[in-house]
Amino acid sequence: MNQELIPNLKLSHYRIVSKIGAGGMGEVYRALDTRLDREVAIKVLPADFANDPDRLKRFEQEARATSALNHPNILTVYDIGTHEGAPFIVAELLDGEELRAQLEEGAIAPKKVIEYARQIADGLAAAHEKGIVHRDLKPENLFITKDGRVKILDFGLAKLKPQKLTGGVDSEGETMKPLTNPGVVMGTVGYMSPEQVRGETVDHRSDLFSFGLILFEMLCGERAFHRETMAETMTAILKEDPPELSETNDKISPQLEKIVRRCLEKKPERRFHSAHDLGFALESLSASSTTSGKNLTTHVSAITEETVKPKRANLPMLLGGLVLLTLGVLAGIFAYGYFRQAPMPKYEQLTFRRGLITHARFSPDGQTIIYSAEWGGKPGEIFTTRGGIGQSRSLDLKDADVLSVSSTGELAILIKRQYLGQLTHKGTLARVPILGGTPREILEDVQEADWSPDGKELAVVRSVGGKIGSNSRSAKCFLRNGRIHQPSADFA
């Protein structure tokens, strides 16, 4: 079927109303579901799909898998079918515009970018958990509804388009799944990951690279690797670093730029381990931007200052006599009324598994908690959580213990641990970004470590002399510029 569908034409129990648009993967129509009396969108795929039974079968499997996702940030697929040999997909009808339409007006405000990005990450996480990789994430496949909800479109369709026999690359279209024909370049050139450019097998981390490219474009209004030709663009994706975001938009925070750059790592293993981790990083960034800047120490100081006020009111009792008695009674009445009205501390349980928590620290925003735990007798691992979430996320740092979090957002952790007795370990001190990554080892035989207020030095307690469990002792030192320094008198 190559003709355009006319109004009132029926595809099964769907009646065509009007054409909405067209793209590389077919034409889209507004239609009426006559059984449920609701409007839907129908995408009719090219008729040559029917000529390839294998592709048609993959299309049906992918459509079923996508329809099972049921996530608010993924287009809901209702049904599939065929009409005159051409497959079609029935999905929810959206009211709004593609992200591309907003990008045509230039960069988007960072606050709105973060909100969009969080929704995209949530949708990707839901799909990746089901083993579904998009493979062609780009602004044209992201739809913004009028109420501000982001919908990811066309999951799985990137597998289905046939490869050109000429070996050329379609700069704006999708191509087939690499597993079907290893070495074939797949995706939309400006939004491909390095592994897609090389025609390698891709996994969920390829979507995270494409996500980073979209995030970059939303923040600065330009593509990260846009060049004059497709070949130059592909070379840039493989070999060049993206421009500094802060040079194009000084309103972009260093933390947000760090998230973008981690998404755009050339090697998949250096990107976020999952869309869940990416979403958590964005959520933490969003929360920190709305806080007043008070950290835990500030709150503790404020509470302490308030709770000593009633005691200060009793100082006049030192005057003695009747004055003492009168003031004592008044102070008692005041204190009773004060504490009766003062709110009781509220406690919130953050973990629900059985095991041992060895360390827990607040992040610089005062909202995120980084902790290390040994759940169910397994080796220690580092997790992050936030109040109100009810779940923890692993930083994928196995057999590790968090010691301290710097004011600049860097973790001091202990790896390669050895048990010393009395719940004490020694091991190799390492540094790692708060968002996770590959630890950088800096010092052995460390028991404890803590960052200086400026995040430039580490105070360290080391285990020196003797063997484990015998005559070893602890010694203090500090690290500056990667060198060990003995403590001064005030340090000790």
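Residues numbered from 1 in each chain as written. Predicted model: local features only at pLDDT ≥ 70, side-chain atom pairs only at ≥ 80, totals over all residues. Heavy atoms only, no water.

Within the structure shown, the criterion is met by 23 salt bridges. In this structure, Arg-261 engages Glu-257 in a salt bridge whose closest nitrogen and oxygen atoms are separated by 3.6 Å. On the criterion of helical spacing, the pair formed by Arg-261 and Glu-257 is a turn pair, its members being four residues apart in helix α8 (residues 254-263). (Salt bridge = Lys/Arg side-chain N within 4 Å of Asp/Glu carboxyl O. Helix = DSSP H or I, 4+ residues; strand = E, 2+ residues; numbered from the N terminus.)

Next up on the list: the packing of aromatic side chains. Under the counting rule described, the total for this entry stands at one aromatic pair. Ring geometry for Tyr-371 against Phe-383: centres 5.5 Å apart, planes inclined by 25°, an arrangement best described as stacked. Residue Tyr-371 is found in strand β11 (residues 368-375), and its partner Phe-383 is found in strand β12 (residues 381-386); the two are separated by 12 residues along the sequence. The class of Phe-383 is buried, set by a relative accessible area of 7%. Taking NZ or CZ as reference, Arg-38 lies 3.8 Å from the ring centre of Tyr-78, over its face. Geometry around Phe-272 places Arg-262 over its ring, the cationic atom sitting 4.6 Å from the centre. (Phe/Tyr/Trp six-rings, centres within 6.5 Å; stacked < 30°, edge-to-face > 60°. Buried < 20%, exposed > 50% of the residue type's maximum accessible area, 1.4 Å probe, protein only. Lys NZ or Arg CZ within 6 Å of the ring centre and 35° of its normal.)

Glancing now at the sheet that holds strand β10 (residues 355-362). If you trace the four strands from one edge of the open sheet to the other, you get β10-β11-β12-β13, paired in antiparallel fashion. Looking along the sheet, the strands with just one partner apiece sit at the ends: β10 and β13 (393-398). Looking at each pair of strands side by side, their axes are set apart by 25° on average, direction ignored. Pairing of β10 with β11 involves seven bridges; the strand directions are antiparallel. Bridge pairing in β11 places Gly-355 opposite Trp-375. (Pairing = 2+ DSSP bridges. Axes fitted to C-alpha atoms, helices over the stretch in contact; angles between N-to-C directions.)

Our next topic: the packing of helix α5 (residues 204-220) against α8. For the pair α5 and α8, interaxial distance at closest approach is 7 Å and the crossing angle is 140°. Judged by the inter-axis angle, α5 sits oblique to α8. α5 and α8 meet at a crossing whose hand is left-handed. Here Leu-208, Phe-209, Phe-211, Gly-212, Leu-215, Phe-216 and Leu-219 of α5 lie close against α8, whose contacting residues are Leu-256, Ile-259, Val-260 and Cys-263. Here the contact of α5 with α8 is composed, by residue class, of 10 nonpolar, one polar and no charged. (Parallel < 35°, antiparallel > 145°, perpendicular 65-115°, else oblique. Left-handed = near helix turned anticlockwise from the far one by under 90°. Contact = heavy atoms within 4.5 Å. Nonpolar A, V, L, I, M, F, W, Y, C, P; charged D, E, K, R; others polar.)

One finds Phe-211, Leu-215, Met-218 and Leu-278 to be the most contacted residues of the largest nonpolar core, which totals 54 residues. In this view, Met-218 contacts Leu-99, Leu-103, Ala-107, Ile-108, Val-113 and Tyr-116; residues no more than four positions away in its chain are not counted. One finds Tyr-14, Tyr-29, Val-40 and Ala-86 within the second-largest nonpolar core, a separate group that totals 13 residues. (Core = buried A, V, L, I, M, F, W, Y, C linked by side-chain atoms within 4.5 Å.)

A few words on the confidence of the model for the protein. When pLDDT is averaged along the protein, the result is 78, and 72% of the positions lie at 70 or above. Here residues 290-319 is modelled with pLDDT under 50, and outside its nearest four sequence neighbours on either side it reaches 16 contacts, counting other chains as well. Taken together, the stretch residues 467-471 has pLDDT below 50 and engages in eight contacts with residues farther than four places along the chain or on a different chain. (pLDDT = per-residue confidence, 0-100.)

Looking now at unusual backbone geometry. A positive phi angle is found at Asp-396, which is not glycine, with a value near 60°. Inspection of the secondary structure assignment puts Asp-396 in strand β13. Despite not being glycine, Asp-445 shows a phi value in the positive range, around 60°. Turning to its location among the elements, Asp-445 is positioned in strand β17 (residues 440-451).

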